[in-house]
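# Residue-level structure breakdown
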Amino acid sequence: MSGVLIIAEQRRGEMRPVTLELIAAAQNLRRDADEVAVAVLASAPERFVDALKVAGVDEIITVPVAAAEFDPDTFESAIGALISARKPDVVLVAHSVDSFGYAAALAAKLGLGFATDVFKTERIDGELVATRGGYGQKVCVEVDFPGRATVLLAIRANMFKPPEAAGAARVSAFAAPAPASRSAGRDFIELSAGDDVDMTAAEFILTIGRGIGEEAKVPVFRELADAVGATLGCSRPIADAGWLPKSRQVGQSGKTASACKLYIAMGVSGAIQHLAGMKHVATIVAVNSDAEASIFGVAKYGIVGDIFEIAEELRRHF
Amino acid sequence: MSSSRTDAVTRILFEAFSTAEVRLFYALGFAAIGIFLYGVYVQIRKYRRGAPLRLEGSWWGRLTDMGAKVLSHSTLKRRDPAAGAAHRLIFYGFVLLFLGTATITLEYDILEPLFGIRFWHGGFYLIFSLVLDAAGVALIGGLAFMMYRRGWLKPPKLDYARPDRAPGDADFDRPQYRREDWAFLWTLLIIGCTGYLLEAARLVWLSGRPDVWDTRWWSPAGALLAEALRALGVSAHGGEVLRVSLWWFHGLLALCFIALIPYSKVKHIFTSAASLLARDPLAAQRLPRIPEAQEAPGVAKITDFNWKQLLNLDACTKCGRCHEACPARAVGAPLSPRDVILSLREFANATLEGGALPAAAELDVHGKGPGQIAQETLWSCRTCMACVEICPVAVEHVPIIVQLRRKLVEDGDMDPLLTKTLQTIHKTGNSFGESKRKRGSWSKSLPFKIKDARKEPVEVLWFVGDYASFDPRNQKVTQTFATLLHEAGVDFGILYDGESNAGNDVRRVGEEGLYEVLAGANVAALNGATFQSIVTTDPHSYNTIRNEYPEFGGSYRIEHYTSFVHRLIAEGRLNVDRQLKLRTTFHDPCHLGRFNRGYEPPRELLRMLGCEIVEMGRSRANSFCCGAGGGRIWIPDPVGTEKPAQNRIKEAAAIPGLEVYVVSCPKDLTMFEDALKTTGNEGKFVVKELIELVREAVAAPRPTEVSA
Amino acid sequence: MKILVAVKQVAALDEDFAIREDGRDVDPDFLIRDLNEWDDFSLEEAVKIKEASADPVEVVVVSVGPGEADESLRKCLAKGADRAIRVWDDAMEGSDPIAIARVLAAVAKRENPALLFAGVQSSDHGFAATGMAAAAFLAWPHAAVVCSLQYAPGAARAVFRRELEGGLLHEVEIECPAVLTVQLGINTPRYASLRSIKQAAAKPIEVLGLADLQLGGGEVGEAGSASRVRRMYIPDKGRAQLIEGDVAQQAQRLAAIIREFKGETP
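Computed from a predicted model, the values in this text were never measured in an experiment.

### With respect to the overall build of chain A
- On a plain count of helices and strands, chain A comes out with eight helices and 18 strands.
- With the C-alpha coordinates aligned to their principal axes, the bounding extent of chain A is approximately 65 × 45 × 35 Å.
- Of all 318 residues assigned to chain A, the portion counted as buried reaches 57%.
- A separation threshold of at least 6 residues defines the contact pool for chain A, and within that pool the share at least 24 residues apart is 65%.
- By element, 50% of the accessible surface of chain A is carried by carbon and sulfur atoms, the whole surface being about 11800 Å².

Right, dumping it as structure tokens:
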């Protein structure tokens, strides 16, 4: 009963960067001679081994599975078997769409300790304590797991800095049982259409949120974005309402603006799903009429004011 | 031959007609009356197919009110004095002629045969003839003017083009209206003219009879025409022939006219008067509750309207005043109050005049088919009541539109932003989505504490309202008003978190259930507090508390701040220290002005402050709505259209040297400050709340002078 | 055919809230309750299936919570649910999503629906766990973050799409009965007028206790949870540097920030 087991995330043949963040998160959870192992489930898991040879990883476990992509039944049975065999203290997964599909089910089935969207982990008097948010991220909640031999934690993305140094890990294989799965993955569908914008490449983004009020105001900000040389983005409610194409949505479910260095958010309150995509950005400027908006807790600069007035004035400078 | 015995002078009815001919005429007359009565029956059956309604108030009061309006034509003179005058001529001409015929019938068919009483002869007869001749001239004169107005002047409000239909729709253009209008005018005109010709022909025919010929100038028009006929060489015999043919023509045409009254525009003679009789003077200010018995709220089928509303549909004479006054129509929205009424009328006629009632599915008035009302039309309304206020025949458009909206709300057929706002109001009690606890936050920055009217008695309870409490620009005005009250030593308090959105606009959107919740909560809070009167800076709250809360158990004395502050200054509790000497124009807020006739106090107040008031063309009862009412402030405007507020600011901008555009409503302040910028008038004049001007004129007292 | 929709009455924080005496939760006076935003969408999806179906479909909503949760259940009844169930026992106080899921699974065993819907997560604590944990207790096929669904009532399979990160969708076919968690934006939830909510007040809400579901006290509440709250605290808020001044000054500073940034890129 020891060690940290990390479940790597991969999709369409690519290792998802959040896996490296999990490795970083695992480090302060070691006790004495505990080891950190990363398990990768894929049809050809050996392809991901090199990407996982970073500092802090002691073992890489390849788990070949029948499913080409994420599948709940497959993952639950394979990871369940792995946990039963290895008996780690802590299992780390990313708090991601894939893990939404299996982590809680796995925890329930195996009677594991369980917490999600965890952004801080520590040991207090030897006990594992995880911190997550509460009441719409307005408070912090510390939780522990009395009497649980193994605890499964889903870690929030963009909270831990990935390790930079390379490492040497031994590679082993694990043969997981392969029961029939009750769901079958089909195609992936890219949401582009209408707009050939590539949010992932944009360095300067101007995002609009619910604060703009009505669809008729969108052209004002589109024009402003053009004038200042930014790519126009939007928060989820705007895309859901159809005021801008989904391809412009920034946030957890939208395009990850990974190259963004300057981000101006106008009329965006800062729901955690939106902020989740933006934590890495060097400079965030928030403009919002509500001085209490959550986004002011994340932004570097803030302007409490009327977004239309600011937009109009700003336009004059370009 | 002796000179004519004037006391024997009379007109012999049916002179030289055979008994058969007289009987034929009477038969035709009865047939005409029969057709008329059947038509009346069909109309009344139609109204009875609507929902029931009890009218409030005394019948005598209603009768005298209607009588006064009809006799004085006070509602017809408004905004079109020429048409009003011409209609008065037509009306009195027609009425007198009708009374004349009735008088003759009274003697000829009733009094003489039954009781042997005769009075229609001699002096009475001669004066009678003169009066009726004058009546006929008036009638024809009025009709001629109306033809000139319609055919040459062509006022825009008589253009029947509809903003809520496109070319190609079945009921887009309505040539049948124009045909009917002209047919009505020509028929009456011909009846009138042939009447005179007939009179002249008779005179020529009987020119040999002194008691006729010598008294002919008592019928001046007829006599003139008789002279003309004789000059043209018509002999007595020619006159006789002319008379007989004209008699039948004129008579038959008149009988046809009478028979067709209930089937044509002419029915407005009855329906308009009945509509005035049934009118609710608070129609738009106090909307009706949903009757307990009603299952689904609002109007879905034509039969969901009550009989008065169905009557309203028939009272409309297409005068176009509402069409002209509507702010939505003025900015190109697909709404014309006139066309809502006329559409529904056509629908009612098509479905309710038959023997049997069609199936329920065919009675649905919502949609885009002929006679139906589209959602966009209903959602365009600002409930500003310009239509109701100006309608000469008391058609109540606003309650009709709101009741149609109630069905849309129940079905969730609303703009998403409006849906969200209603949910927000339900959850937080205000349209801003702010916590209830923040309602009084605007008062925190003031140097004095405002009393909590929930906890201690106050003399004046100030109902602040949503916009005044939460909108940053309006909060400044609210703080200024609080300071003025404090300086004047008024014992006042507010309800803090106990106050919710007053509900005026929620009701006008059609969410009656939510309105009941809000009104109930506010009435409970007010009834729990101790105060003498209420003052408010928000005209919408003012309207609903004054006119609608009594039905929910809350009757209070309430004033708008304009009359309250006016009194404070008049009583010397506030002193005007400097005359502002500004050139201003005052915009009457709908809910204070037109709804509650509060036109004078703000003007008097402005004058007290030393301001010069230059009225805009559309002022007082004709004030042009800022466009925010009826829930429109929660519905986005279509891209690229002019907003009513912009239209209004442009009107103000035409006043040379204008310095201040004065408002006294929080929504007006928001809408017009925005419009000032978007119309490019920023810098030419400013928009100010009247309270802010009061502040400028009333100097703040030195610290020692302010009471604790 | 039946669809069971699990809903939650969530709590949002009011102004100037305070932490409770024992430091493990917020003072309940400062909690504003409402139906979870995701549940509007999952309920609407169920009602849409019902309305599109030629055969009768019953939509049943269930919530685990004390009496005040009735308000949210009434809203669901007004929005087209046919029946509502509320489950509560004082022993359930302090349940985490795993414990709640155990209760929901027991209700599902009782009701035997063809589909169990839940929201992806709740807007208060955002665990994103209850739905899938219930699936494990039922041993049913399951999937999370469903953003579009094709299902014929009573069919053996359903086809849906999951909404992945980065604007990607994944189409999946799943065997039924199944548990699905529904994402925002899958449909447009209908408006429930105040009148319909008031009328829904007349419909009964079935209240069940532990005994009705054959659950023991140790399976719910803190005893049945997979985590325990030690402490709740208000974090020091990182604060943005506020740009002061009037609109013109603020815009000028912002323009300067933009120019500075662009100056860095050649």
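We are not done yet, so read on.
### Here's the deal with the overall build of chain C
- If you tally the helices and strands in chain C, you get six helices and 13 strands.
- For chain C, the spread of C-alpha atoms along the principal axes amounts to about 65 × 45 × 40 Å.
- Across the 266 residues that make up chain C, the buried fraction comes to 59%.
- For chain C, the proportion of contacts with a sequence separation of at least 24, taken over those separated by at least 6, is 70%.
- Surface accessibility of chain C: about 10800 Å² in total, with carbon and sulfur atoms responsible for 47%.
- Across chain C, the mean location of the 30 positive side-chain charges is 3 Å away from that of the 41 negative side-chain charges.

### Some words on the packing of aromatic side chains
- Scanning the entire structure with this criterion turns up 36 aromatic pairs over all chains.
- Pairing tryptophan 462 of chain B with phenylalanine 492 of chain B gives two aromatic rings, centres 6.1 Å apart and planes at 55 degrees, and the pair type is tilted. One end of the pair, tryptophan 462 of chain B, is in strand β2 (residues 460–463); the other, phenylalanine 492 of chain B, is in strand β3 (residues 492–494), and 30 residues separate them in sequence. The two residues tryptophan 462 of chain B and phenylalanine 492 of chain B agree in class, both being buried.
- If you follow arginine 132 of chain A out to its NZ or CZ, it ends over the ring of phenylalanine 127 of chain C, 3.8 Å from the centre.

### What to know about empty space enclosed by the protein
Residue and element names in this part refer to chain B.
- For the structure on display, the rule yields 11 cavities of 30 Å³ or more.
- In this structure, the largest cavity spans a volume of roughly 160 Å³.
- Taken together, 16 residues make up the lining of the largest cavity; nearest its centre are Asp466, Asn501, Asp538, His540 and Lys667.
- Elements represented by at least two residues in the lining of the largest cavity include exactly α19 (466–470), α21 (504–509), α23 (539–548) and α27 (666–678).
- Top element by residues in the lining of the largest cavity is α19. It accounts for three residues.

### Overview of the interface of chain C and chain A
- Contacts between chain C and chain A engage 80 residues on the former and 87 residues on the latter.
- Carbon and sulfur atoms make up 58% of the surface buried where chain C meets chain A, a total of about 7300 Å² over both sides.
- It is Glu165, Arg230 and Phe261 of chain C that lose the most area in chain C upon contact with chain A, and together they represent 9% of the buried surface on that side.
- With a shortest N-O distance of 3.8 Å, aspartate 144 of chain A and arginine 230 of chain C are connected by a salt bridge.
- Put simply, chain C and chain A have 32 residue pairs in polar contact (both at pLDDT 80 or more) between them.
- With 13 residues, the top contributor of residues to the side of chain C that touches chain A is helix α6 (residues 247–264) of chain C.
- By residue class, the composition of the side of chain C that touches chain A is 45 nonpolar, 17 polar and 18 charged.
- By the bridge criterion, two bridges tie strand β18 (residues 301–304) of chain A to strand β13 (residues 241–242) of chain C in an arrangement that is parallel. Opposite tyrosine 301 of chain A, over in β13 of chain C, you have glutamine 241 of chain C as the bridge partner.

### Some points on the pairing of strand β7 (residues 113–118) of chain A
Residues and elements named next belong to chain A.
- Extensive coverage of β7 is indicated by the burial of six of its six residues.
- The pairing of β7 with strand β11 (residues 151–155) spans four bridges and is classified as parallel. Paired with valine 118 across the strands is isoleucine 155, a residue of β11.

### Concerning unusual backbone geometry
- Following cysteine 176 of chain C, the chain continues into proline 177 of chain C via a peptide bond in cis, with omega recorded as 5 degrees.
- By the element assignment, proline 177 of chain C lies in the loop between β9 (168–175) and β10 (178–182).
- Of note in this structure, aspartate 125 of chain A is not a glycine but carries a positive phi near 55 degrees.
- Mapped onto the secondary structure, aspartate 125 of chain A falls in the loop between β8 (120–124) and β9 (127–134).
- Located in the positive-phi region is lysine 581 of chain B, a residue other than glycine, with phi close to 50 degrees.
- Tracing the backbone shows lysine 581 of chain B in the loop between α24 (561–570) and β6 (583–586).
- The exposure class of lysine 581 of chain B is exposed, given its relative accessible area of 67%.

### Regarding the interface of chain C and chain B
- On the chain B side, the residues contacting the 12 residues of chain C number 22 residues.
- Across the interface of chain C and chain B, roughly 1400 Å² is buried in total on both sides, 52% from carbon and sulfur atoms.
- On the chain C side of the contact with chain B, Tyr191, Leu194 and Arg195 of chain C bury the most area, a combined 52% of that side's loss.
- For the pair chain C and chain B, the number of links is three salt bridges.
- With a closest N to O distance of 2.6 Å, aspartate 14 of chain C and arginine 437 of chain B form a salt bridge.
- Linking chain C to chain B there are 10 residue pairs in polar contact (both at pLDDT 80 or more).
- Considering every element that reaches the side of chain C that touches chain B, the biggest residue donor is helix α5 (residues 194–200) of chain C, with five residues.
- A breakdown of the residues in the side of chain C that touches chain B according to their chemical character gives three nonpolar, three polar and six charged.

### Some details on the packing of α24 of chain B against helix α25 (residues 600–608) of chain B
Residues and elements named next belong to chain B.
- Where α24 contacts α25, the two axes come as close as 8 Å, and the packing angle between them is 40 degrees. As summarised for this structure, α24 and α25 are arranged oblique, according to the angle between their axes. Between α24 and α25 the crossing geometry is left-handed. Listed contacts from α25 to Thr562, Ser563, Val565, His566, Ile569 and Ala570 of α24 are Pro601, Pro602, Glu604, Leu605 and Met608.

### Side note on the sheet that holds strand β16 (residues 262–266) of chain A
- Taken in spatial order, the six strands make up an open sheet running β15(A)-β14(A)-β16(A)-β17(A)-β18(A)-β13(C), and their pairing is parallel. Looking at strand neighbours, the two that pair on one side only are β15 (231–234) of chain A together with β13 of chain C, the edges of this open sheet.
- Here strand β14 (residues 204–208) of chain A pairs with β15 of chain A via four bridges, running parallel. Looking at β15 of chain A, one finds that isoleucine 208 of chain A is bridged to cysteine 234 of chain A.
- Relative to β14 of chain A, helix α5 (residues 218–228) of chain A is tilted by about 165 degrees, and along the sheet it contacts β14, β15 and β16 of chain A.

### As for the confidence of the model for chain C
- Per-residue confidence for chain C gives a mean pLDDT of 93, with 99% of residues at or over 70.
- Among the prediction metrics, the complex's ipTM stands at 0.91, with pTM recorded as 0.90.

### A short note on the packing of helix α3 (residues 97–111) of chain C against helix α4 (residues 130–138) of chain C
Residues and elements named next belong to chain C.
- Two elements in contact, α3 and α4, have axes whose closest approach is 8 Å; the angle formed by their N-to-C orientations is 55 degrees. Relative to α4, the element α3 lies oblique. Relative to α4, the crossing made by α3 is right-handed. Along the contact surface, α3 presents Pro97, Ile98, Ile100, Ala101, Arg102, Leu104, Ala105, Ala108 and Lys109, while α4 presents Thr130, Ala133, Ala134, Phe137 and Leu138.
- Residues that form the contact of α3 with α4 fall into these classes: 11 nonpolar, one polar and two charged.

### Observations concerning the environment of valine 490 of chain B
- Relative to the helices and strands, valine 490 of chain B is located in the loop between α20 (472–487) and β3.
- A sequence separation of 78 residues divides valine 490 of chain B from leucine 568 of chain B, and the C-alpha atoms of the two residues are 9.1 Å apart.

### Observations regarding a nonpolar patch on the surface
All names here are of chain B.
- The grouping of Leu71, Tyr92, Leu96, Phe98, Leu99, Ile127, Leu130, Val131 and Trp218 at the surface amounts to a nonpolar patch, some 800 Å² of accessible area in total.
- Looking at the nonpolar patch, the elements that each hand over two or more residues are α4 (81–115) and α5 (122–153).
- No other element matches the four residues that α4 contributes to the nonpolar patch.
- Along the chain, the position of phenylalanine 98 falls in helix α4.

Here is what the cut-offs are and how they apply
Residues numbered from 1 in each chain as written. Chains lettered and ligands numbered in written order. Predicted model: local features only at pLDDT ≥ 70, side-chain atom pairs only at ≥ 80, totals over all residues. Heavy atoms only, no water. Helix = DSSP H or I, 4+ residues; strand = E, 2+ residues; numbered from the N terminus. Buried < 20%, exposed > 50% of the residue type's maximum accessible area, 1.4 Å probe, protein only. Contact = heavy atoms within 4.5 Å. Areas by Shrake-Rupley, 256 points an atom, 1.4 Å probe, with all protein chains shown as cover. Lys, Arg positive; Asp, Glu negative; His and termini not counted. Charge placed at Lys NZ, Arg CZ, Asp CG, Glu CD. Phe/Tyr/Trp six-rings, centres within 6.5 Å; stacked < 30°, edge-to-face > 60°. Lys NZ or Arg CZ within 6 Å of the ring centre and 35° of its normal. 1 Å grid on protein atoms, 1.4 Å probe; cavity = no way out; pocket = protein on both sides within 12 Å on 5 of 7 lines; lining within 4 Å. Points joined across faces, edges and corners; volume = space filled by probe spheres on them. Buried area = accessible area lost by both parts, 1.4 Å probe. Salt bridge = Lys/Arg side-chain N within 4 Å of Asp/Glu carboxyl O. Polar contact = N/O pair within 3.5 Å; in protein donor to acceptor, adjacent residues only side chain to side chain. Nonpolar A, V, L, I, M, F, W, Y, C, P; charged D, E, K, R; others polar. Pairing = 2+ DSSP bridges. Axes fitted to C-alpha atoms, helices over the stretch in contact; angles between N-to-C directions. Parallel < 35°, antiparallel > 145°, perpendicular 65-115°, else oblique. Left-handed = near helix turned anticlockwise from the far one by under 90°. pLDDT = per-residue confidence, 0-100. Patch = residues over 30% accessible without salt bridge, like charges linked within 9 Å, V, L, I, M, F, W, Y side chains within 5 Å.

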